Each structure stands twice: as structure tokens, then as C-alpha cells.
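# Coordinate inspection notes
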Amino acid sequence: MAGSGSSLKSAALLEQMKSHLTTDAGKEVIKKIGLVYQLNFAPKQKIGVDEEIYVIDLKVGKVTQGAYKGKPDASFSLKDDDFLAIATEKMNPQIAFIRGSMKIKGSLSAAQKFTPDIFQNR
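This write-up is about the structure you can find in this document.

Rules of the game
- Numbering of residues begins from 1 in every chain and follows the order in which that chain's sequence is written.
- Thresholds applied to this predicted model are a pLDDT of at least 70 for local features of residues and 80 or more for the giving and counting of side-chain atom pairs; totals over whole chains, interfaces and linings are not thresholded and use all residues.
- Think of the side-chain values as coming from all heavy atoms in the structure, minus any hydrogens and water.
- Each helix is a run of H or I in the DSSP string that is no shorter than four residues. Each strand is a run of E no shorter than two, and both are numbered from the N terminus.
- Based on C-alpha atoms, the radius of gyration is set beside the globule rule, defined as 2.2 Å times the residue count to the power 0.38.
- The cut-offs for exposure are 20% and 50% of the maximum accessible area for each residue type, with area from a 1.4 Å probe on protein chains only; residues under the lower value are buried, those over the upper are exposed, and the others partly exposed.
- By definition, residues are in contact when any of their heavy atoms lie within 4.5 Å.
- Note that His is not counted, nor are the chain ends; the positive residues are Lys and Arg, and the negative ones are Asp and Glu.
- Charged side chains are reduced to one point each, which is NZ for Lys, CZ for Arg, CG for Asp and CD for Glu.
- Between Lys or Arg on one side and Asp or Glu on the other, a salt bridge is scored when a side-chain nitrogen of the former is within 4 Å of a carboxyl oxygen of the latter.
- Directions pointing from the helix axis toward each C-beta atom define the arc.
- Cavity means a closed set of points on a 1 Å grid over the protein atoms alone, one where a 1.4 Å probe fits but cannot get out, pocket means an open set with protein on both sides within 12 Å along at least 5 of 7 lines, and lining means a residue has an atom within 4 Å of a point.
- Grid points are joined across faces, edges and corners, and a volume is the space filled by probe spheres set on the points.
- For helices, the fitted axis covers only the stretch in contact; all axes are lines through C-alpha atoms, and the angles between them, taken along N-to-C directions, range from 0 to 180 degrees.
- Any angle that falls under 35 degrees is termed roughly parallel, while one over 145 is termed roughly antiparallel, one within 65 to 115 roughly perpendicular, and all others oblique.
- Three classes are used: nonpolar for Ala, Val, Leu, Ile, Met, Phe, Trp, Tyr, Cys and Pro, charged for Asp, Glu, Lys and Arg, and polar for all others, with Gly counted as polar.

## What about the overall build of the chain?
Counting its regular elements, the chain contains five helices and five strands. Element order for the chain, N to C, with α for helix and β for strand: α-α-β-β-β-β-α-α-β-α. A globule of 122 residues ought to have a C-alpha radius of gyration of about 14 Å, and the chain, at 13 Å, matches this closely. In terms of overall dimensions, the chain has C-alpha extents of about 35 × 35 × 30 Å along its principal axes. Residues counted as buried form 43% of the 122 residues belonging to the chain. Taking the contacts inside the chain whose residues are at least 6 apart along the sequence as the reference set, 64% of them involve residues at least 24 apart. Across the chain, the 18 positively charged side chains and the 13 negatively charged ones have centroids separated by 4 Å.

## Points about the pattern of salt bridges
One pass over the structure, following the stated rule, counts two salt bridges. Residues D81 and K9 are paired through a salt bridge, measuring 2.8 Å at the closest nitrogen-oxygen approach. Highlighted residues: D81 in helix 3 (residues 80-87) and K9 in the segment before helix 1 (10-20), separated in sequence by 72 residues. Residue D81 is classed as partly exposed on the basis of its relative accessible area, which comes to 40%. When the shortest N-O distance is used, the salt bridge between K31 and E28 registers 3.8 Å. Of this pair, K31 and E28 both sit in helix 2 (residues 24-33), three residues apart, which is roughly one turn of that helix. Judged by relative accessible area, which is 47%, E28 ranks as partly exposed.

## So, helix 2
For helix 2, the full list of buried residues reads G26, V29, I30 and I33. Down the axis of helix 2, the smallest arc covering the buried residues is 100°, so these residues share one side. Seen from the buried face of helix 2, the exposed residues on the opposite side, beyond 90 degrees, are D24, K31 and K32. Of the surrounding secondary structure, the elements contacted by the buried residues of helix 2 are helix 1 and strand 1 (36-42).

## Some details on the layout of surface pockets
Here the largest pocket defines a volume of roughly 290 Å³. What lines the largest pocket is a set of 18 residues, among which P93, Q94, M102, I104 and A111 lie closest to the centre. Where the lining of the largest pocket is concerned, the elements lending two or more residues are strand 4 (74-79), helix 3, helix 4 (93-99), strand 5 (102-106) and helix 5 (108-112).

## Side note on the packing of helix 1 against helix 3
Look at helix 1 against helix 3: their axes get within 9 Å of each other, and the N-to-C directions meet at 45°. When the interaxial angle is binned, helix 1 and helix 3 end up oblique. On helix 3, the residues that touch S10, L13 and L14 of helix 1 are D80, F83, L84 and A87. Split by residue class, the contact of helix 1 with helix 3 holds five nonpolar, one polar and one charged.

Rendered as C-alpha cells:
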């Protein structure tokens, strides 16, 4: 993924998550969450423009580039920098949503389970 030619700063974090999901701690996350998330990253300043799409499939433990084939449990649209801030706990996801920095489609209860603790300890 990081070698996929992505211009996203988040690509390295997603690559780390891919490795993390193969560990015992990662397998616990898969067992605990069991949902599919699609992340639509806007590399520039406007959500919805030139997005790069990734899927974090916590049903099978995969992180892939490209849209999910089917309907994800929740989809997030946000800027690359905002995702990094949320994943590293520098920004509260609820505040990002309220400010319009992050848009959510799908199940809100599924979206609430997508928290920084699903990432390995940084």
C-alpha cells in the first residue's frame, strides 16, 4: 500500500495496521469489532474531490486500496490530515464530525466502534 504510489500521509499508518491485524492483538480487534469500514481520503482541502479509497475489513483482517465490493458497515469521508489527527488521538472524532471535517455514511453504531484503539499502539 505505501508502495502503491499513494500520495497520502495516512498510507503508512494503514500499512502498519495491515501488519498489526496479523498479530494476536490484531486478531482480538477483528474478533471484537467484526465490521467493514471504507475510508474516502481527500488529499487536498475539499472532501469528495480526488479521493483515494481504502477499506479496513475487520471481518477478515484486511486493509486494501479501492472501494469495497458490497456495502461497508460505515464509510468515512475526510481529509488525509484529519484522519492522521484522529488516528493519533490529536483530534476527537465526534468534534471532527460536528465541525464537518468528517462525513459518515452507514451505521452510526458501527462508526462509533472505529476508534484509535483499533490501531496498534503507536
